[in-house]
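Residue-level structural notes
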Amino acid sequence: MKILIDSADIKAIEKLYECFPVCGVTTNPSLLSKENKDPYEVLKRIRAFIGEDELHVESLCKRAEDIVDEALAITRILGDDTYVKIPVTAEGVKAIKRLRELGIKTTATAIFTLGQAYISALAGASYVAPYVNRIEMQGEDGTQTALNIQEALRASELECKVLAASFKRIDQVEMLIIKNIDAITLSPAMLSSLLDNDGTKAAIKDFDKAFKTLKRENMSITLDRH
Ligand code: E4P
């Protein structure tokens, strides 16, 4: 399973890359607008930092022809390892088909149903991105929708992978880890919270306290602990 960072905050991305086994970054227009800078300068900095890892960048156009032109510009500026995120409208799917013919990788995004995912995969998307928490907010089961999509794609001969997105709780993430979903993208806060547990902190504190009772003269090696 691949883990990507859902953020356009270069400082957060740099920090998370030091510690977490991640293999790329997903962005969207909301995340880029939070940076309050030229979006392409932000994206170029992310690309320079992550090297050839996956970068997912969303198209803002609505008509298929415009999406295709924008996708060509995005990949010209940010390189071939860039996946153009395209929301699953009829025009979006038309653009996915055309971009497949042109050899440009796409991620069909804002997926809420199995039908949307399957059509996008057949059209040639490299990834489909179901929005787990947003699906839940509509009263449906977000993790089950993502798993159904994965099952359907694995049963088909399509190469398309699932990139599950929009997580707000750890249990949503862990449900998908259990089933070995292809990929997930997590906000910096969600990613950090995967390691955060009071039991772990308490255990470390207990061990430190116990170790300090050892007399230094009984140690052949002294480890300086910070
Ligand atoms: C996916 O790539 C999107 O950027 C993102 O996960 C959407 O999440 P949100 O529901 O928090 O906006």
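On to the site of the ligand. Around the ligand, a shell composed of D6, T26, N28, K85, Y131, R134, A165, S166 and K168 is seen. Between K85 and the ligand, the recorded distance is 2.7 Å, taken from a side-chain N or O atom to an oxygen atom. The side chain of R134 places a nitrogen or oxygen atom 2.7 Å from an oxygen atom of the ligand. Within the complex, 86% of the 340 Å² of free accessible area of the ligand lies under protein. Looking at side-chain class alone, the shell around the ligand contains two nonpolar, three polar and four charged residues.

This brings us to the side chain of T107. Inspection of the secondary structure puts T107 in strand β5 (residues 106–111). Owing to a relative accessible area of 1%, T107 belongs among the buried residues under this scheme. Here H56 takes part through its side chain, which lies 2.9 Å from a polar atom of the side chain of T107. Excluding residues that lie within four positions of it along the chain, T107 makes contacts with H56, Y83, V84, K85, I86, Y127, A129 and L163.

Segmenting the protein into domains produces domain 1 (2–195) and domain 2 (199–226). Relative to domain 2, the C-alpha centre of domain 1 lies at a distance of 44 Å.

Attention shifts here to the pairing of strand β4 (residues 82–87). In terms of burial, β4 is a largely internal element, five of the six residues being buried. When strand β3 (residues 54–58) meets β4, the two strands line up parallel, connected through four bridges. By the bridge assignment, H56 is partnered in β4 with Y83. Regarding topology, helix α4 (residues 64–78) serves as the crossover connection from β3 to the parallel β4, and that connection is right-handed.

The next thing to look at is unusual backbone geometry. Of note in the backbone geometry, N36 takes a positive phi value of approximately 55° without being a glycine. Examined against the element boundaries, N36 turns out to sit in the loop between α2 (29–35) and α3 (39–50). Positive phi is not limited to glycine here, since N180 has a value of about 55°. Among the structural elements, N180 can be located in the loop between α9 (170–178) and β8 (183–186).

Moving on: the nonpolar core. By size, the foremost hydrophobic cluster in this structure holds 55 residues, and its most contacted members are I46, V128, F167, L176, I184, L186 and L191. Looking at this core, the element that brings in the most residues is α4, giving six residues.

The next thing to look at is a nonpolar patch on the surface. Side chains of Y118, I119 and L122 sit close together on the surface and give an oily, nonpolar patch of about 280 Å² of accessible area. Counting through the fold element by element, L122 comes out in helix α6 (residues 114–123).

Quick look at α9 now. Looking at α9, one finds that the buried residues are Q172, V173 and L176. The buried residues of α9 occupy an angular sector of 95° when the element is viewed end-on, so they sit on one face. Looking at the buried positions of α9, the neighbouring elements they touch are α7 (132–137), α8 (142–155), β7 (161–164), β8 and α10 (188–193). Residue N180 follows α9 closely and has a positive phi angle near 55°.

Bringing the packing of aromatic side chains into the picture now. Working definition: an aromatic ring pair is given by the centre-to-centre distance plus the angle between the planes. All told, the structure shown has three aromatic pairs when counted by the stated rule. Plain terms: the ring middles of Y17 and F49 are 5.4 Å apart, the flat faces sit at 80° to each other, and that makes the pair edge-to-face. Remark: F49 occurs in helix α3 and Y17 occurs in helix α1 (residues 10–19); sequence separation between them is 32 residues. When the centroid spacing of 5.4 Å and the interplanar angle of 55° are considered together, the rings of Y83 and Y127 count as tilted. Of the two residues, Y83 sits in strand β4 while Y127 sits in strand β6 (residues 127–130), which places them 44 residues apart along the sequence. Looking at Y83, the relative accessible area reads 11%, which means it is buried. Using a relative accessible area of 4% as the deciding quantity, one classes Y127 as buried.

Cut-offs and rules
Residues numbered from 1 in each chain as written. Predicted model: local features only at pLDDT ≥ 70, side-chain atom pairs only at ≥ 80, totals over all residues. Heavy atoms only, no water. Near = heavy atom within 4 Å. Polar contact = N/O pair within 3.5 Å; in protein donor to acceptor, adjacent residues only side chain to side chain. Areas by Shrake-Rupley, 256 points an atom, 1.4 Å probe, with all protein chains shown as cover. Nonpolar A, V, L, I, M, F, W, Y, C, P; charged D, E, K, R; others polar. Helix = DSSP H or I, 4+ residues; strand = E, 2+ residues; numbered from the N terminus. Buried < 20%, exposed > 50% of the residue type's maximum accessible area, 1.4 Å probe, protein only. Contact = heavy atoms within 4.5 Å. Domains from an automatic or database assignment. Pairing = 2+ DSSP bridges. Right-handed = clockwise from strand over helix to strand, strands pointing away. Core = buried A, V, L, I, M, F, W, Y, C linked by side-chain atoms within 4.5 Å. Patch = residues over 30% accessible without salt bridge, like charges linked within 9 Å, V, L, I, M, F, W, Y side chains within 5 Å. Salt bridge = Lys/Arg side-chain N within 4 Å of Asp/Glu carboxyl O. Arc of directions from axis to C-beta. Phe/Tyr/Trp six-rings, centres within 6.5 Å; stacked < 30°, edge-to-face > 60°.

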